[in-house]
Amino acid sequence: MRNNDDLPVPDAATLLSGLVGKTVRTSTGLTNTVLALRGDRVLVGTDSSPKGTFVPVEDVQRGLDLLFAHRSVRIEPKVLKHRSTFVGAVLATPPGTSFTATPVHVILADDMTPELADAMVETERAAGRTRRTGRGLPQPEKVVVERHAMDLASEYLTTLGWVVEDVGATCSYDIDATRPGEHLYVEVKGTTTDGAEVILTKNEVDLMRENYPHTMLIVVHGIHLDRTGDEPRASGGTRKVFHPWEVRDDRLRPMAFRYRTPEG
């Protein structure tokens, strides 16, 4: 199990701005609508107050700080103040969070993947925040995991008669595979986790959608890292192949948004 102490704490204002116009489900099953973000307050609509009432953004930030510091926060007014159910609903929106049963808490999963940790850190950096550093794999370990996955993927494709070329350094996919009359765009992901989630860039998603159904995703998961020597070594792993690979909206979760500011 991983320690999440060094995961970046989401910025409450940024998180709330991405929720404007959307509903969040509370631990009681009711929905709240984030109507607007106005300075240091967020306007929240409910069934009983459809025009909305204001909640301080600092209440949400305090909840996020508690959640990422302790990996769990109880949803009750004495902890999250008078709009605790709304704050709790917002806390349950970042990746890796979920509600528990009575007594209701929001918890942060202990098995946050290294890939997701790195992606969260890079998202925070891109937004101009460096609250904390990531707990992803060190660069030398990432390199050997990725190389091992590429080797296994290339070996698999070769046994099927494909001629493979590593194009990851110059293209938005990893392997260009060809057979007479056939062309395949292959994305390869290597991970030490169970491979339930992988991180995709916008360019990777766009390219695979443009070239579907001549697309394949190979996930090599459960890779073992040997750290006993002077340099890390990767071995093992289980291969999952998706072909043709269709990048579906219902399986994508946005981690950030790029916003074009109004002119003037």
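Residues numbered from 1 in each chain as written. Predicted model: local features only at pLDDT ≥ 70, side-chain atom pairs only at ≥ 80, totals over all residues. Heavy atoms only, no water.

**With respect to the sheet that holds strand E7 (residues 105-108)**
So, point 1. Pairing in this open sheet of three strands is antiparallel, and the strands run E5-E7-E6 from one edge to the other. The open sheet terminates on both sides in strands that have one partner only, identified here as strand E5 (72-74) and strand E6 (97-99). The average undirected angle you get between the axes of adjacent strands in this sheet is 15 degrees.
So, point 2. In this sheet, E7 lies alongside E5 in antiparallel orientation, the contact comprising three bridges. Counted as the bridge partner of Ser72 is Ile107 from E7.
So, point 3. Running at roughly 135 degrees to E5, helix H2 (residues 57-70) makes contact with E5, E6 and E7 of the sheet. (Pairing = 2+ DSSP bridges. Helix = DSSP H or I, 4+ residues; strand = E, 2+ residues; numbered from the N terminus. Axes fitted to C-alpha atoms, helices over the stretch in contact; angles between N-to-C directions. Contact = heavy atoms within 4.5 Å.)

**Focus on the pairing of strand E2 (residues 31-38)**
Within a regular strand, side chains alternate between the sheet's two faces.
So, point 1. Alignment of strand E1 (residues 23-25) against E2, held across three bridges, turns out to be antiparallel. For Arg25, the partnering residue across the bridge sits in E2 and is Thr31.
So, point 2. Where E2 folds back on strand E3 (residues 41-45), the antiparallel hairpin that results is connected by two residues, among which Gly39 adopts a positive phi of roughly 65 degrees.

**So, the nonpolar core**
So, point 1. Residues Val60, Phe86 and Leu91 are the most contacted members of the largest nonpolar core, which totals 25 residues.
So, point 2. Aside from chain neighbours lying at most four places away, what touches Leu91 is Val60, Gly63, Leu64, Leu67, Val73, Leu80, Thr97 and Val106.
So, point 3. Among the nonpolar cores identified, the runner-up in size contains 17 residues, and Tyr156, Met216, Ile218 and Leu225 belong to it. (Core = buried A, V, L, I, M, F, W, Y, C linked by side-chain atoms within 4.5 Å. Buried < 20%, exposed > 50% of the residue type's maximum accessible area, 1.4 Å probe, protein only.)

**Structural notes on unusual backbone geometry**
Negative phi characterises most residues that are not glycine, and trans characterises most peptide bonds.
So, point 1. Following Tyr212, the chain continues into Pro213 via a peptide bond in cis, with omega recorded as 10 degrees.
So, point 2. When you line up the elements, Pro213 lands in the loop between helix H7 (202-211) and strand E11 (215-221).
So, point 3. Along the chain, His243 connects to Pro244 via a cis peptide bond; the corresponding omega equals -5 degrees.
So, point 4. Within the secondary structure, Pro244 sits in the segment after strand E14 (238-242).
So, point 5. Despite not being glycine, Lys81 shows a phi value in the positive range, around 70 degrees.

**Here we look at H2**
So, point 1. Helix length check: H2, at 14 residues, gives a terminal C-alpha distance of 20 Å against a target of 20 Å (1.5 Å per residue), a fit within 8%.
So, point 2. Residues of H2 that are buried: Val57, Asp59, Val60, Gln61, Gly63, Leu64, Leu67 and Phe68. (Expected span 1.5 Å × (residues − 1).)

**What about the packing of H2 against helix H4 (residues 84-91)?**
So, point 1. Contact geometry of H2 with H4 gives a least axis separation of 10 Å together with a crossing angle of 55 degrees. On the basis of the axis angle, H2 is oblique to H4. As for how H2 packs across H4, the hand of that crossing is right-handed. Residue-level inspection shows Asp59, Val60, Gly63, Leu64 and Leu67 of H2 in contact with H4, the latter providing Phe86, Val87, Val90 and Leu91. (Parallel < 35°, antiparallel > 145°, perpendicular 65-115°, else oblique. Left-handed = near helix turned anticlockwise from the far one by under 90°.)

**Regarding the side chain of Thr26**
So, point 1. Relative to the helices and strands, Thr26 is located in the loop between E1 and E2.
So, point 2. The buried category is assigned to Thr26, whose relative accessible area is 6%.
So, point 3. Dropping the residues within four chain positions of it, Thr26 is found in contact with Asn32, Thr85, Ala89 and Phe99.

**Observations regarding the side chain of Asn32**
So, point 1. Looking at where Asn32 falls in the secondary structure, it is placed in strand E2.
So, point 2. Note on Asn32: relative accessible area 6%, which makes it buried.
So, point 3. In contact with Asn32, not counting residues within four places along its chain, are Lys22, Thr23, Val24, Thr26, Val44, Gly45, Thr46, Arg83 and Phe86.

**Description of the confidence of the model for the protein**
So, point 1. Considering every residue of the protein, the mean pLDDT works out to 85; 85% of them sit at 70 or more.
So, point 2. For the stretch residues 131-135, pLDDT sits under 50, and the model shows 22 contacts to residues farther than four places along the chain or on other chains. (pLDDT = per-residue confidence, 0-100.)

**Some words on the environment of Met150**
So, point 1. Inspection of the secondary structure assignment puts Met150 in helix H6 (residues 139-159).
So, point 2. Separated by 37 residues in sequence, Met150 and Glu187 have C-alpha atoms that sit 9.5 Å apart.
So, point 3. The residues touching Met150, leaving out its near neighbours within four places in the chain, are Asp166, Asp174, Ile175 and Val188.

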